[in-house]
Amino acid sequence: MSSKEPILQLHNIEVKYHEVILVLKGVSIQVPEGEIVALLGANGAGKSTTLKAISGLLKHEDGRVTDGAIEFMGEQIHRKDAEEIAKRGIFQIIEGRRVFEHLTLEENLRVGGHLRGNGRQLRDRLEMVYSYFPRLKEKRNLTAGFASGGEQQMCVIGRALMASPRLMLLDEPSMGLAPLLIKEIFEIIQKLNKEERIPILLVEQNVKLALTVAPYAYVMENGRIVMDGPSDVLRENPDIRDFYLGLTDLGTRKSFRSVKHYKRRKRWLT
Amino acid sequence: MEVFLNLVISGIMVGSIYALVALGWVLIYKCSGVLNLAMGELTLIGAYVCLSLYTWFVRPIGQPTLAFLLALAGTLVIGACLGLLTERFFLRRMIGEPVLSVIMVTVGLSFFFKGVVEFIWGTDTRVFTPEVFSKKPIPLMGNIYLDSVYLWSFVASIILLIVFVSFFKYTRWGLAMQATADDEMAALSLGVSAKFVYALAWAIAFMAAGVGGTLLGNVNGINISVGYLGLLVLPAVVLGGLNSVPGAIVGGIIIGVLQNLADGYLSQFTPGGVKEVAPLAFMVILLLFKPYGLWGWERIERV
């Protein structure tokens, strides 16, 4: 872990849905000030749940942090409402490009500035977002529901940016986008992190990409963190190479004959 | 022809009152997906509150118009407070429950409100005394006349409609309400307080319904049957598309005109009640062809 002071800390949190379904079984994560941290894992590993536990949206889905603690800038936030957590500067970008379909792109952005009040501040903020996403400015009056996938993704990132976040929780920004667009969006994310010094907790299925933008990463499986370390180290780890990057040591594609081997290793990993 | 024009014009005037109430209804539906079946009782409460304020004010002030305007302003304030209280005590705890349960709560509220109104104000028909608007018809052109009650009701509803719609379109909280209507979870993630949005929707609904009830009470006098306005609002909003604000306004006006025409042309052939049935019949026929209403949200699908 880097020497910087962590802005967000999860201490062994346990999350239950509907008071019975145990989804997270003791997750500990640290996000240092001004850095990107990646959270990797397969479908259903609990990545999105972790983000929702931090942003407080969990309560909206009848989920609850039943054990452990979440600390943001030295303050415990896991019992607070989503609204209060947002006021403290944590903004989650929910997966699946949830734009407000019937509003225009600009109106979407303005809702993002909801907590920042009206008037000048909002306009400056809007210009700042447009400087990162010039394409949004071009199409500012387009109804968001009819925008392309890339534009929608830019819109939801820009929307969170409007709120001048102190921590961004970014859930699968690459989902369902063309490779070129993914590249563009990730470049913007990196730029945001560098220039605005916004720490980002990034959930991603595209492991290769995530490991290039984030200097540090956690790997989740079945509601637990099974591995963490600097991205360079993880990239060389044989299990990560096997299960997430789809490479053997020789750098060639795996043959189907080694499927059994896959299962054995996977069980060990969990 | 003159008869027709007369009917249409006064229909538009009454329709604007429906439009106002329909607007309140649509706001609640848009933001929280709840069909508010207590809307009629909200109009009832508004009408009686305004009547009481008016009889209070009119003696010391002496001038009926001024007293009425003050009473109307008071109705708006009290309406907003009642809306916030209703949301706080009855609907806040229903957040997250199935929509059907919330709708049942509004049914309960409608009975409760009706009971409260009967308890406080009784069941006799009351009228605004002294009259606020003169009964003398205003000549428009040729043989077309208009009661001044209708004209002023029209003006008042249009002003309020403009105020509400611009609030919804151009202010921060209006935008937040639209966002919540679109995607509650995403709105929450941006720090929009869903609770406050609901409270706001109920406050506006109470205000719109209250003024609507008052205006209608000026036309016909106030008794329990003012509450049937709530029933008429349903075809108006279904016509416009359940979650369309402009749709609610146009729908309200169409229903007003339709009612008047049915009353003028059809009631002579029937034992009565065409006026009440016509809007609903029209609604059913329209739904056959446009299941989303005129401007309802169809789901945006990208291909």
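Section: the overall build of chain B
Part 1: Looking only at helices and strands, one finds 11 helices and two strands in chain B.
Part 2: Going from the N terminus to the C terminus, chain B shows its helices and strands as α-α-α-α-β-β-α-α-α-α-α-α-α.
Part 3: Its C-alpha radius of gyration of 19 Å places chain B within 12% of the 19 Å reference for a compact globule of 303 residues.
Part 4: Projected onto the principal axes, the alpha-carbon positions of chain B cover approximately 60 × 50 × 35 Å.
Part 5: When the 303 residues of chain B are sorted by exposure, 53% land in the buried category.

Looking at the overall build of chain A
Part 1: A count of helices and strands for chain A gives 11 helices and 10 strands.
Part 2: For chain A, buried positions account for 53% of its 270 residues.
Part 3: Considering only contacts in chain A between residues 6 or more positions apart, those separated by 24 or more positions represent 68%.
Part 4: On chain A, roughly 12400 Å² of surface is accessible, and the fraction owed to carbon and sulfur atoms is 48%.

Digging into the side chain of Ser55 of chain A
Residues and elements named next belong to chain A.
Part 1: Tracing the sequence through the fold places Ser55 in helix H1 (residues 47-55).
Part 2: Under the relative-accessibility criterion, Ser55 is labelled buried at 6%.
Part 3: Within the structure, Ser55 has its side chain in polar contact with the side chain of Gln92 (distance 2.6 Å).
Part 4: Look past the residues within four positions of Ser55 in its chain and what remains in contact with it is Ala82, Ile85, Gln92 and Leu169.

Let's talk about helix H6 (residues 149-162) of chain A
Since the α-helix packs 3.6 residues into each turn, any two residues three or four apart lie on the same face.
Part 1: Its 14 residues give H6 of chain A an end-to-end C-alpha distance of 20 Å, which sits within 8% of 20 Å, the value for a rise of 1.5 Å per residue.
Part 2: Ser164 of chain A sits one or two positions beyond H6 of chain A and adopts a positive phi of about 40 degrees.

Things to note about a nonpolar patch on the surface
All names here are of chain B.
Part 1: A cluster of nonpolar residues, Met1, Val3, Phe4, Tyr265, Leu266 and Phe269, forms a patch on the protein surface that exposes about 680 Å² of accessible area.
Part 2: When contributions to the nonpolar patch are tallied by element, the ones reaching two or more residues are helix H1 (2-32) and helix H10 (245-266).
Part 3: With respect to the helices, strands and loops of the structure, Tyr265 is situated in helix H10.
Part 4: When its relative accessible area of 37% is taken as the criterion, Tyr265 is described as partly exposed.

A closer look at the sheet that holds strand E4 (residues 63-72) of chain A
Sheet strands associate in pairs through backbone hydrogen bonding, adopting either a parallel or an antiparallel arrangement.
Residue and element names in this part refer to chain A.
Part 1: Taking strand neighbours across the sheet as the criterion, the four strands line up as E2-E1-E4-E5 in an open arrangement whose pairing is antiparallel. Looking at the sheet topology across the chains shown, the edges are occupied by strand E2 (21-32) and strand E5 (75-76).
Part 2: Across eight bridges, strand E1 (residues 6-17) lies against E4 in antiparallel orientation. Bridging across to E4, Gln9 finds its partner in Glu71.
Part 3: Contacts from H1 reach E1, E2 and E4, with the element oriented near 110 degrees to E1.

Quick look at the domain arrangement of chain A
All names here are of chain A.
Part 1: Domain assignment breaks chain A into domain 1 (1-89 + 165-236), domain 2 (99-164) and domain 3 (242-270).
Part 2: Buried area between domain 1 and domain 3, both sides added, is near 700 Å², and the carbon and sulfur share of it is 67%.
Part 3: Considering only the side of domain 1, the residues that lose the most area to domain 3 are Val207, Glu221 and Val226, jointly responsible for 53% of the buried surface there.
Part 4: Where domain 1 touches domain 3, the interface holds zero residue pairs in polar contact (both at pLDDT 80 or more).
Part 5: When residues of the side of domain 1 that touches domain 3 are traced back to their parent elements, those giving at least two are helix H8 (207-213), strand E9 (216-221) and strand E10 (224-230).
Part 6: No other element matches E9, which puts three residues into the side of domain 1 that touches domain 3.

So, the sheet that holds strand E7 (residues 167-171) of chain A
Residue and element names in this part refer to chain A.
Part 1: Across the sheet, six strands lie side by side as E6-E7-E8-E3-E9-E10; this open sheet has mixed pairing. The sheet is open, and its two edges are formed by strand E6 (90-93) and E10, each paired on a single side. Recorded for the sheet is a direction-independent mean angle of 15 degrees between the axes of neighbouring strands.
Part 2: Where E7 and strand E8 (residues 200-204) come together, four bridges link them in parallel fashion. Note that in E8 the partner of Leu170 across the bridge is Leu202.

What about the packing of aromatic side chains?
Part 1: Across all of its chains, the model carries 10 aromatic pairs over all chains by this definition.
Part 2: For the ring pair Trp173 of chain B and Phe196 of chain B, a centre distance of 4.6 Å and an interplane angle of 55 degrees mean the geometry is tilted. Separated by 23 residues along the polypeptide, Trp173 of chain B in helix H6 (residues 172-182) and Phe196 of chain B in helix H8 (residues 194-220) bring together distant segments of the chain.
Part 3: Here Trp173 of chain B falls in the partly exposed class, since its relative accessible area comes to 22%.
Part 4: With relative accessibility at 36%, the residue Phe196 of chain B sits in the partly exposed group.
Part 5: Clustering of aromatic rings is evident, with ring pairs tying together Phe90, Phe112, Phe113 and Phe206 of chain B.
Part 6: The ring of Phe100 of chain A has Arg159 of chain A lying over it, and the distance from NZ or CZ to the ring centre is 4.4 Å.

Scoring rules and cut-offs
Residues numbered from 1 in each chain as written. Chains lettered and ligands numbered in written order. Predicted model: local features only at pLDDT ≥ 70, side-chain atom pairs only at ≥ 80, totals over all residues. Heavy atoms only, no water. Helix = DSSP H or I, 4+ residues; strand = E, 2+ residues; numbered from the N terminus. Rg over C-alpha atoms; globule rule 2.2 N^0.38 Å. Buried < 20%, exposed > 50% of the residue type's maximum accessible area, 1.4 Å probe, protein only. Contact = heavy atoms within 4.5 Å. Areas by Shrake-Rupley, 256 points an atom, 1.4 Å probe, with all protein chains shown as cover. Polar contact = N/O pair within 3.5 Å; in protein donor to acceptor, adjacent residues only side chain to side chain. Expected span 1.5 Å × (residues − 1). Patch = residues over 30% accessible without salt bridge, like charges linked within 9 Å, V, L, I, M, F, W, Y side chains within 5 Å. Salt bridge = Lys/Arg side-chain N within 4 Å of Asp/Glu carboxyl O. Pairing = 2+ DSSP bridges. Axes fitted to C-alpha atoms, helices over the stretch in contact; angles between N-to-C directions. Domains from an automatic or database assignment. Buried area = accessible area lost by both parts, 1.4 Å probe. Phe/Tyr/Trp six-rings, centres within 6.5 Å; stacked < 30°, edge-to-face > 60°. Lys NZ or Arg CZ within 6 Å of the ring centre and 35° of its normal.

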